[in-house]
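# Report on the structure
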2 protein chains.
Amino acid sequence: MTAKVPTAGTATVLVASNRGPVSFATAADGSLVLRRGGGGLVSGLRPVARSGATVWVCAAMSDADRHAAAAAPDGHLHRAGHDTGGATVQMLTIEPATFHLAYNTIANSVLWFIHHHLFDTPNQPWFDRPFRREWQAYVTYNEVFANALAAAAAPRAAVVIQDYHLALVPGQLRQLRPDLRIGHFSHTPWAAPSYYRVLPDDVGRELLLGMLAADCVSFLSPRWADAFLLCCEALPRADGVRVDRATATVTAAGHRSRVSVHPLGIDGEALRARGHQADVEARLAGLRDLVGDRKLIVRVDRTELAKNIVRGLAAYRELLRIHPRWHGKVVHLAFAYPSRHDLPEYRDYMAAVRQLADEINEEFAASSWTPLILEVSDDYPRSLAAYRLADVLVVNPLRDGMNLVAKEVPVLSDRGCAIVLSRDAGAVDVLGADALVVNPYDVSATAAAMNAALAMDAGERLARTRRLAAAATAVPPQQWFADQIAELNSNAVDIGW
Amino acid sequence: MTAKVPTAGTATVLVASNRGPVSFATAADGSLVLRRGGGGLVSGLRPVARSGATVWVCAAMSDADRHAAAAAPDGHLHRAGHDTGGATVQMLTIEPATFHLAYNTIANSVLWFIHHHLFDTPNQPWFDRPFRREWQAYVTYNEVFANALAAAAAPRAAVVIQDYHLALVPGQLRQLRPDLRIGHFSHTPWAAPSYYRVLPDDVGRELLLGMLAADCVSFLSPRWADAFLLCCEALPRADGVRVDRATATVTAAGHRSRVSVHPLGIDGEALRARGHQADVEARLAGLRDLVGDRKLIVRVDRTELAKNIVRGLAAYRELLRIHPRWHGKVVHLAFAYPSRHDLPEYRDYMAAVRQLADEINEEFAASSWTPLILEVSDDYPRSLAAYRLADVLVVNPLRDGMNLVAKEVPVLSDRGCAIVLSRDAGAVDVLGADALVVNPYDVSATAAAMNAALAMDAGERLARTRRLAAAATAVPPQQWFADQIAELNSNAVDIGW
């Protein structure tokens, strides 16, 4: 391995992710305003990134981010160091056209779709000449991360690289800094081999070999780890990749990677504290007035194709059609927060959600009863209030790396909440025993599970919720991250590296 | 097993398929006109169904078919015996609404889509209450076949049941007639387990258990047989199904099935005779005038989502964009015969094919050169003429049980023809070594393969074509069918039945 080791940095633990724990907005007066970021990844990493030697490398995602990053230039990479609970955030400025192609086109419109099995295959995807330019942008964008990490890392530092946006970084970074301990963590599912092979052969191969340059390749669920191993087994023989299922290791180019599973859970104490603050209590009072003594079915999702909102609403309609005893006795509160409205598939999907919601109310609403309330504006304290009040939670994704909502609700529920849960959410691994598990394509089965959930005895519901909460908090984010770092260190010893 | 054995019939070999070897049309004067059917299945079975003891059971598919069938009533099943080369055709009259739901909705809009991985998964399929009525129609339609076969079969007769339309028939027939030797043959791919599980759990299970009641469950390619075995392994433990990969057998409900592969090939002699009849020669002269001394790229497909015509045309466009040396030197003749125009997906797809074809001609056509000729009217002798004249054949399906066109062209080619072939067509098993194999989603790779095919040395092309023709005719239909019957007989001995 030819390596040009740059002057080593000082960080001993590095995190790399596309979206960082902070972002910027431009205020009305033109000044930059610092915001905390959102999303499962940030929630997971924030509590542990407190050491002074921790650097979090992320991308500038907006013009405001780029302006903030440019305010602290440092060599060829612009950087803005912002202290967030001890971790230094280094925000990378990437040429906007390159970033757009890498992030929107390759990461979110190709790789996300591949891992969630979302393509309308007769018509999409097309891998044609324009795709090659987009793919090159993805390679470049990954290189910017690899270069920044190589410059910032102390000798033998631990680097944990997050998600499908940065799948090539382990290989690029290994070339620059063979001394580092490198982990890659996927927060998404991993595609089944029969779906992964839709990718152009060289692209599918480069992504796998890029990740296999890490010492540890980790997933949220054993099923995603298994799918990854199967994809590695399907690599051309000429690549000389050897998969050992018994030890869950893969050897590629003389380097051995461990494939492991770290199921991210909830920090119960922090969530309960947040869920009882005044803003949540105020929303809770409002929701109680709205719902009255009716049963409350809740769902909370980004309006994301994989979240399967339309079939979930259709299941509610079938519930009301088949079981008129619930008429006037139940309210379905569906939070569907806007997402990815730059993509026509997502705009069409949002329109389909709205239309079906309207149809359901037209079919069933009475003067004193609105059966379905669709909320599309994001309001985190209101979501937490709904978590506390819900009698039934519906989490029915087609495919989901984990789904943290399914883990948060049992922790916050005031009186117990029955969970209707897709078998294809990673969360089912630990919640399956006490949730009502459904095939997400089966609208009738989902309706039947909603009915069973509504009818569940209060005692059983509470007992299940307690067990669900215990399972959901088994591996809180601090532990989850510490386990990954420990594994990186032990792996280095285990394999004589 | 509780069995009510009806009075045994006299047929010793029975074939069951949705579409039979004959059909009827209504002439202008109202009389019924007999037509020979088309399609790979009919081509495959026709040459061997000549014994007096062979009965072919099929569905009446149209009003004309139903009138013909009704003209020969016999008990509760109407039958029309028509002698076709020795085989008696028994056409079953099924209540039209039931037939429509079973054939168009379940078989062609659900099961075909599942096995070819064709769904726009965020939006389709939905398994809701109407689906349950459609599924019941499929069960009933299969029962009509099972009852007819049970009545017609002699003791210990061999029954070969065709395709995804009739997946429940083996189980239903085994209940009625445990003495029979039952085979099931799939002409389609079999879905990967990750795709098969989209089906409602009970439906996926009933289809598998229905097929497993056969003594032999057969496929066109080892990959489809492997996918079937994997789906069987994924059945719930409670079903007690045991899969033995080493012997390719599956034991379910105490009954053992052999899973085997019979790759249907071409009757070379018959095809060459047909391909040199006067009607073909006349079309060939016309095509020669049209093409002149240009290279000819041909594709011949039904306009079927799985055939991937749009990406194939896009690859031709990319070829012309990247390699201007072919401008004026090549003609692409694309036969896209209408199919399933009752489904909106197919109408939209046909529109997309026409639009892209127009765009290509607008971009490249010159006064003396039309780069693309799209023909949508079905003309079998013209197709055969194109087979003979083609320099390059494009067969790029997303997924295809076999694809007989890829096997027919090398047999008929006058001067050698290079084949661009999808790796996901079953035909690649025997043609892969001498075809140019492509990932069907990769438009650029397909364009590159077209370029290599056009540039291929004439000597190499002819040598490859000869090897392709030998491979394509290795298992002609007569042999293919005889092998299945022999396997049914030997299996009965092997497993002590």
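Residues numbered from 1 in each chain as written. Chains lettered and ligands numbered in written order. Predicted model: local features only at pLDDT ≥ 70, side-chain atom pairs only at ≥ 80, totals over all residues. Heavy atoms only, no water.

Turning to the overall build of chain A, a few remarks are in order. Within chain A one finds 18 helices and 20 strands. For the C-alpha atoms alone, the extent of chain A along its principal axes is close to 75 × 55 × 45 Å. A total of 497 residues make up chain A; the buried ones form 60% of that total. Sequence-distant contacts, at least 24 apart, represent 77% of the contacts inside chain A between residues at least 6 apart. When the accessible area of chain A is evaluated, it comes to approximately 18300 Å², of which 53% is carbon and sulfur surface. Where the 50 positive side-chain charges of chain A centre and where its 52 negative ones centre are 3 Å apart. (Helix = DSSP H or I, 4+ residues; strand = E, 2+ residues; numbered from the N terminus. Buried < 20%, exposed > 50% of the residue type's maximum accessible area, 1.4 Å probe, protein only. Contact = heavy atoms within 4.5 Å. Areas by Shrake-Rupley, 256 points an atom, 1.4 Å probe, with all protein chains shown as cover. Lys, Arg positive; Asp, Glu negative; His and termini not counted. Charge placed at Lys NZ, Arg CZ, Asp CG, Glu CD.)

Take the interface of chain A and chain B next. Contacts between the two partners involve 39 residues from chain A and, on the opposite side, 39 residues from chain B. Both sides together, the interface formed by chain A and chain B hides about 3200 Å², and carbon and sulfur atoms give 47% of it. For chain A, the biggest contributors to the area lost against chain B are Pro122, Trp126 and Tyr441 of chain A; these three give 20% of the whole. A salt bridge links Arg423 of chain B to Asp201 of chain A; the nearest nitrogen and oxygen atoms lie 3.0 Å apart. Those elements that place two or more of their residues in the side of chain A that touches chain B are helix H4 (129–152), helix H11 (309–322), helix H12 (344–364) and helix H16 (443–455) of chain A. The residue makeup of the side of chain A that touches chain B, split by class, is 19 nonpolar, seven polar and 13 charged. (Buried area = accessible area lost by both parts, 1.4 Å probe. Salt bridge = Lys/Arg side-chain N within 4 Å of Asp/Glu carboxyl O. Nonpolar A, V, L, I, M, F, W, Y, C, P; charged D, E, K, R; others polar.)

Further remarks concern the packing of helix H4 (residues 129–152) of chain B against helix H7 (residues 201–212) of chain B. All names here are of chain B. Two elements in contact, H4 and H7, have axes separated by 12 Å at closest approach and are oriented at 10 degrees. By the angle between their axes, H4 is roughly parallel relative to H7. Of the residues in H7, those in contact with Phe131, Arg132, Trp135 and Tyr138 of H4 are Asp202, Val203, Glu206 and Leu207. Here the residues of the contact of H4 with H7 sort into five nonpolar, no polar and three charged. (Axes fitted to C-alpha atoms, helices over the stretch in contact; angles between N-to-C directions. Parallel < 35°, antiparallel > 145°, perpendicular 65-115°, else oblique.)

With that settled, consider the pattern of salt bridges. Enumeration over the complete set of coordinates arrives at 56 salt bridges over all chains. Linking Arg258 of chain A and Glu487 of chain A is a salt bridge whose minimum nitrogen-to-oxygen distance equals 3.8 Å. Taken together, the residues span a long stretch of sequence, with Arg258 of chain A in strand S14 (residues 255–261) and Glu487 of chain A in helix H18 (residues 477–494) at a distance of 229 residues. A salt bridge links Arg223 of chain B to Asp429 of chain B, with the nearest nitrogen and oxygen atoms 3.0 Å apart. Taken together, the residues Arg223 of chain B in helix H8 (residues 222–233) and Asp429 of chain B in helix H15 (residues 428–431) connect sequence positions 206 residues apart.

Another aspect to go through is the sheet that holds strand S18 (residues 392–395) of chain A. Paired through their backbone hydrogen bonds, the strands of a sheet run either parallel or antiparallel. Residue and element names in this part refer to chain A. Spatial ordering of the open sheet is given by S17-S16-S15-S18-S19-S20, a layout of six strands whose pairing is parallel. Among the strands making up the open sheet, the edge pair consists of strand S17 (372–375) and strand S20 (436–438). Averaged over all pairs of adjacent strands, the angle between their axes in this sheet comes to 15 degrees, without regard to strand direction. Pairing geometry for strand S15 (residues 295–302) and S18, over two bridges, is parallel. Bridge assignment links Ile297 to a residue of S18, and that residue is Val392. Running over the sheet, H11 touches S15, strand S16 (330–337) and S17 and is turned about 170 degrees from S16. Contacts from H12 reach S16 and S17, with the element oriented near 155 degrees to S17. (Pairing = 2+ DSSP bridges.)

Quick look at the side chain of Asp442 of chain A now. Within the secondary structure, Asp442 of chain A is located in the loop between S20 and H16. One buried charge, Asp442 of chain A, has no salt-bridge partner; the nearest side chain with opposite charge is Arg132 of chain B, at 4.1 Å. Among the polar contacts made by the side chain of Asp442 of chain A, one reaches the main-chain amide nitrogen of Ala445 of chain A at a distance of 3.0 Å. Once residues within four sequence positions are removed from consideration, Asp442 of chain A is found in contact with Phe127, Arg132 and Pro200 of chain B. (Polar contact = N/O pair within 3.5 Å; in protein donor to acceptor, adjacent residues only side chain to side chain.)

Another point: the pairing of strand S4 (residues 54–59) of chain B. Residue and element names in this part refer to chain B. Burial analysis of S4 places six of its six residues in the buried class, the great majority of the element. In S4, alternate side chains face the same way, and those of Thr54, Trp56 and Cys58 on one face and Val55, Val57 and Ala59 on the other are all buried. Bridge count between strand S1 (residues 11–16) and S4: four bridges; the pairing is parallel. Residue pairing in the sheet places Val13 in a bridge with Thr54 of S4. Examined bridge by bridge, S4 and strand S8 (residues 87–92) share five bridges and lie parallel to one another. The residue bridging Ala59 from the neighbouring strand is Leu92, located in S8.

This part is about the confidence of the model for chain A. All names here are of chain A. In the predicted model, chain A carries a mean pLDDT of 91, and the fraction of residues at 70 or more is 91%. Here residues 74–79 scores under 50 on pLDDT; set against residues more than four positions off or in separate chains, the count is 16 contacts. Model confidence for the complex is summarised by a pTM of 0.94, with the ipTM given as 0.93. (pLDDT = per-residue confidence, 0-100.)

Right, let's talk about the relation of the copies chain A and chain B for a bit. Between chain A and chain B, which share one sequence, the superposing operator has a rotation angle of 180 degrees and an axial displacement of 0.0 Å; the RMSD is 0.0 Å. Both copies are brought into coincidence by an operation consistent with a two-fold rotation axis. Every residue of chain A has its C-alpha some distance from the rotation axis, and the shortest such distance is that of Asp120 of chain A, at 1.9 Å. When the interface residues of chain A are mapped onto chain B, 100% of them again fall at the interface, so both copies present the same face. (Least-squares fit on C-alpha atoms with pLDDT ≥ 70 in both.)

On to helix H12 (residues 344–364) of chain B, then. All names here are of chain B. Spanning 21 residues, H12 covers 30 Å between terminal C-alpha atoms, matching the ideal 30 Å at 1.5 Å per step. Residues of H12 that are buried include every one of Tyr346, Tyr349, Met350, Val353, Leu356, Ala357, Ile360, Asn361 and Phe364, and no others. End-on view of H12: buried residues confined to an arc of 135 degrees, all on one side of the axis. Turned more than 90 degrees away from the buried face of H12 sit Asp348 and Glu362, all of them exposed. Contacts from the buried residues of H12 go to helix H3 (96–116), helix H11 (309–322), strand S16 (330–337) and strand S17 (372–375). (Expected span 1.5 Å × (residues − 1). Arc of directions from axis to C-beta.)

Another aspect to go through is helix H14 (residues 405–412) of chain A. A turn of α-helix holds 3.6 residues, and therefore any two residues three or four places apart point the same way. The buried count for H14 of chain A comes to eight of eight residues, which makes it a mostly enclosed element. Considered for burial, the residues of H14 of chain A that qualify are Val405, Ala406, Lys407, Glu408, Val409, Pro410, Val411 and Leu412 of chain A.

Residues and elements named next belong to chain B. Here H11 crosses helix H16 (residues 443–455) at 60 degrees, and the two axes come no closer than 8 Å. The two elements H11 and H16 cross, and the hand of that crossing is right-handed. Where H11 abuts H16, its residues Arg311, Gly312, Ala314, Ala315, Tyr316, Glu318 and Leu319 lie against Val443, Ser444, Thr446, Ala447, Met450, Asn451 and Leu454. Of the residues contributing to the contact of H11 with H16, the split by class is eight nonpolar, four polar and two charged. (Left-handed = near helix turned anticlockwise from the far one by under 90°.)

For the rest of this paragraph, the subject is the packing of aromatic side chains. All chains considered together, the criterion is met by 30 aromatic pairs over all chains. Aromatic side chains Phe99 of chain B and Tyr103 of chain B sit 5.2 Å apart centroid to centroid with 15 degrees between the ring planes, which places their arrangement in the stacked category. Here Phe99 of chain B and its partner Tyr103 of chain B are both found in helix H3, four residues apart, which amounts to about one turn of the helix. For Tyr103 of chain B, a relative accessible area of 12% gives the class buried. Taken together, Phe99, Tyr103, Trp135, Tyr138, Tyr141 and Phe145 of chain A form an aromatic cluster joined through their ring pairs. (Phe/Tyr/Trp six-rings, centres within 6.5 Å; stacked < 30°, edge-to-face > 60°.)

This part is about the environment of Thr26 of chain A. With respect to the secondary-structure elements, Thr26 of chain A resides in strand S2 (residues 22–26). Among all residues touching Thr26 of chain A, those that are not within four sequence positions of it are Ser31, Leu32 and Ala64 of chain A.

Here we take up the side chain of Glu408 of chain A. Residues and elements named next belong to chain A. Position of Glu408 among the secondary structure elements: in helix H14. On the basis of relative accessibility, which here comes to 14%, the residue Glu408 falls in the buried class. Excluding residues that lie within four positions of it along the chain, Glu408 makes contacts with Ile266, Leu271 and Tyr387.

This brings us to the environment of Pro344 of chain B. Counting through the fold element by element, Pro344 of chain B comes out in helix H12. Separated by 191 residues in sequence, Pro344 of chain B and Ala153 of chain B place their C-alpha atoms 40 Å apart.

Residue and element names in this part refer to chain B. Strand order across the open sheet formed by six strands is S17-S16-S15-S18-S19-S20, with parallel pairing between neighbours. Here the strands that pair on one side only, and so sit at the sheet edges, are S17 and strand S20 (436–438). On average, adjacent strands in this sheet sit at an angle of 15 degrees to one another, irrespective of strand direction. As paired strands, strand S19 (residues 418–422) and S20 are joined by three bridges and run parallel to one another. Its bridge partner being in S20, Ser422 is matched across the sheet by Val438. Sitting on the sheet, helix H14 (residues 405–412) touches strand S15 (295–302), strand S18 (392–395) and S19, and the angle it makes with S18 is about 170 degrees.

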